[in-house]
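Geometric and topological summary
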Amino acid sequence: MDATVKKIIIEVKKGNQQAFAELVELYKDKVFQVAYRMLGNVHEAQDISQEAFLRAYTNIESYDINRKFSTWIFRIATNLAIDRIRKKKPDFHLEDQVAGTEDLDYYSQIPGDDELPEDVVVQHEMQEWIQDEIMMLPPKYRSAIILKYMEDLSLKEIGEVLNLPVATVKTRIHRGREALRKRLRD
Amino acid sequence: MACNKEKHQLIHKYMDEDITLLEKKELEAHLVKCDICHGHLRELRKTVAIIQSASHIEAPADFTAQVMAGLPKETQKNKWKTWVRRHPLIITAATFFLVFILSISSIWNDGDGEITVAGEGQFYVDQERGVVVVPEGETISGDLLVRNGNIEVEGEVLGSITVINGEQYLASAGHVAGEIEEINRVFDWLWYRTKAFFADVMSFMNSSDE
């Protein structure tokens, strides 16, 4: 693993909270992305990814420094996300209005590049459509597809995150890919 | 799908880049003949391309601050440990200073007011008056160090006299060839110790040069 990350984690293990802030900075986007893709909304994604970091902090003693930190934090985050999906209450989506505002949906809260308004609209529709398709997948295929195609993890790493043999990971990715293909074809 | 499950599996293995050379040759030969399988592979590739085109989502700007606010409070002990680790020089300096002060104060308080003399020659100690007396007609060839007492010189001292925590009294008949020094306050004492220390270091260095 990256020597810098190792050094930071050793500091965190000694109880240095400032070092933990550096660790959060390094991994927040990856973790937030996994949580968002799993859950499909910003609010829950923030909830789950913050909870994942809190758990990482309180359980840092049990973390093996010789393994990849990303694998460990992804594992915590995906487990929390899957738990949340199981208990899921009524949904809310990116296109829902933010409470107490007009014309402000959750997309406007996602930072993006400055583009022409029409491009932004098309971009939003495209992105929304992709996320909707991902949300149609059963959670166990969803997690495998997200880790493979959005986080670029290897099959072996996905196996470590999801605590599954590589053969099972392959099956889930095959089925997830097939399910998406059938829908996207229409 | 017209083609068998085996071909279907091969396509996915191909997608995962998890295919042997032999299997790859077999699949490629099949794809040339089979439009259905060819179309299937094309659709899978397109699917993957679409998923990969999803933009990277970033965490909200205040994410780290929010996480940090939710952490259990750092214990006072840990804060102190962290601070100590971050300022090793200050801690080292403080430790040395403490050791220095302790050793000095232990030497200073040494003897509990008991009069002590270091030096060679004919002199006597009058414990009742707390005075070291160099009697008339006696000659002390070296230095004298008197602690916690006064000194009266009626004879002759060829070296220097140092009086710590006391006074010297030179009789009209007495004679001291060297210097007379009185050290009566802690700071004088500190200064004396420091000078002595550096003198020791210098002589040590000089002797090691030789």
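As shown above, the structure is provided for reference.
Keep in mind that what you see is a predicted model, and the values were worked out from it rather than measured. (Residues numbered from 1 in each chain as written. Chains lettered and ligands numbered in written order. Predicted model: local features only at pLDDT ≥ 70, side-chain atom pairs only at ≥ 80, totals over all residues. Heavy atoms only, no water.)

**Quick notes on the side chain of Thr47(B)**
- Along the chain, the position of Thr47(B) falls in helix 3 (residues 35–52).
- Residue classification places Thr47(B) among the buried residues on the basis of a relative accessible area of 3%.
- If near-sequence neighbours (up to four positions away) are discounted, Thr47(B) is found in contact with Arg177(A), Leu180(A), Arg181(A) and Leu184(A). (Helix = DSSP H or I, 4+ residues; strand = E, 2+ residues; numbered from the N terminus. Buried < 20%, exposed > 50% of the residue type's maximum accessible area, 1.4 Å probe, protein only. Contact = heavy atoms within 4.5 Å.)

**Quick notes on the interface of chain B and chain A**
- Taken together, the contact pairs 39 residues of chain B with 44 residues of chain A.
- Per-residue buried area on chain B facing chain A is highest for Ile51(B), Ile57(B) and Phe63(B); these three make up 18% of the total on that side.
- There are 3 salt bridges connecting chain B and chain A.
- Between Asp16(B) and Arg177(A) there is a salt bridge, and its shortest N-O distance comes to 2.8 Å.
- Linking chain B with chain A are 16 residue pairs in polar contact (both at pLDDT 80 or more), by the criterion used here.
- Broken down by secondary-structure element, the contributors of at least two residues to the side of chain B that touches chain A are helix 1 (5–15), helix 3, helix 4 (63–70) and helix 5 (76–86) of chain B.
- With 8 residues, the top contributor of residues to the side of chain B that touches chain A is helix 3 of chain B. (Buried area = accessible area lost by both parts, 1.4 Å probe. Salt bridge = Lys/Arg side-chain N within 4 Å of Asp/Glu carboxyl O. Polar contact = N/O pair within 3.5 Å; in protein donor to acceptor, adjacent residues only side chain to side chain.)

**Digging into a nonpolar patch on the surface**
- Together, Trp80(B), Trp83(B) and Ile90(B) give the surface a local cluster of nonpolar side chains, amounting to about 340 Å² of exposed area.
- Residue class for Ile90(B) comes out partly exposed when judged on its relative accessible area of 45%. (Patch = residues over 30% accessible without salt bridge, like charges linked within 9 Å, V, L, I, M, F, W, Y side chains within 5 Å. Areas by Shrake-Rupley, 256 points an atom, 1.4 Å probe, with all protein chains shown as cover.)

**Considerations on helix 4 (residues 69–86) of chain A**
- An ideal rise of 1.5 Å per residue puts 26 Å on 18 residues; helix 4 of chain A measures up with 26 Å between its terminal C-alpha atoms.
- Most of helix 4 of chain A is tucked away: 14 of the 18 residues are buried. (Expected span 1.5 Å × (residues − 1).)

**Re the nonpolar core**
- Counting 78 residues, the largest nonpolar core has Phe20(A), Phe53(A) and Phe69(A) as its most contacted members.
- Looking at this core, the element that brings in the most residues is helix 2 (residues 17–39) of chain A, giving 13 residues.
- Residues Ile115(B), Val146(B), Val163(B) and Val176(B) belong to the second largest nonpolar core, which totals 12 residues. (Core = buried A, V, L, I, M, F, W, Y, C linked by side-chain atoms within 4.5 Å.)

**Here's the deal with the environment of Met136(A)**
All names here are of chain A.
- Structurally, the position occupied by Met136 is in helix 5 (residues 117–136).
- Residue Met136 is classed as exposed on the basis of its relative accessible area, which comes to 52%.
- Distance from Met136 to Ala179, taken between C-alpha atoms, is 9.0 Å for residues 43 residues apart in sequence.

**Some points on the sheet that holds strand 3 (residues 131–134) of chain B**
All names here are of chain B.
- Strands sit in the order 2-3-6-9 across an open sheet of 4 strands; the sheet is mixed. Only two strands of the sheet have a single neighbouring strand rather than two, namely strand 2 (124–126) and strand 9 (168–170). The sheet shows a mean angle of 20° between the axes of neighbouring strands, direction not considered. (Pairing = 2+ DSSP bridges. Axes fitted to C-alpha atoms, helices over the stretch in contact; angles between N-to-C directions.)

**Some details on the pattern of salt bridges**
All names here are of chain A.
- The final tally for this structure, using the stated rule, is 15 salt bridges over all chains.
- Between Glu44 and Arg84 there is a salt bridge whose closest N-O contact spans 3.5 Å. Here Glu44 is found in helix 3 (residues 42–58), whereas its partner Arg84 is found in helix 4, with 40 residues between them in sequence. Arg84 shares its class with Glu44; the two are buried.
- By sharing partners, the salt bridges in this structure join Glu44, Asp47 and Arg84 into a single network.

**Some thoughts on the packing of aromatic side chains**
- Summed over all chains, the structure comprises 7 aromatic pairs over all chains.
- Between Phe32(A) and Phe63(B), the ring centres sit 6.4 Å apart and the planes meet at 75°, which makes this aromatic pair edge-to-face. With Phe32(A) in helix 2 and Phe63(B) in helix 4, this residue pair bridges two chains. Residues Phe32(A) and Phe63(B) agree in their burial class; the two are buried. (Phe/Tyr/Trp six-rings, centres within 6.5 Å; stacked < 30°, edge-to-face > 60°.)

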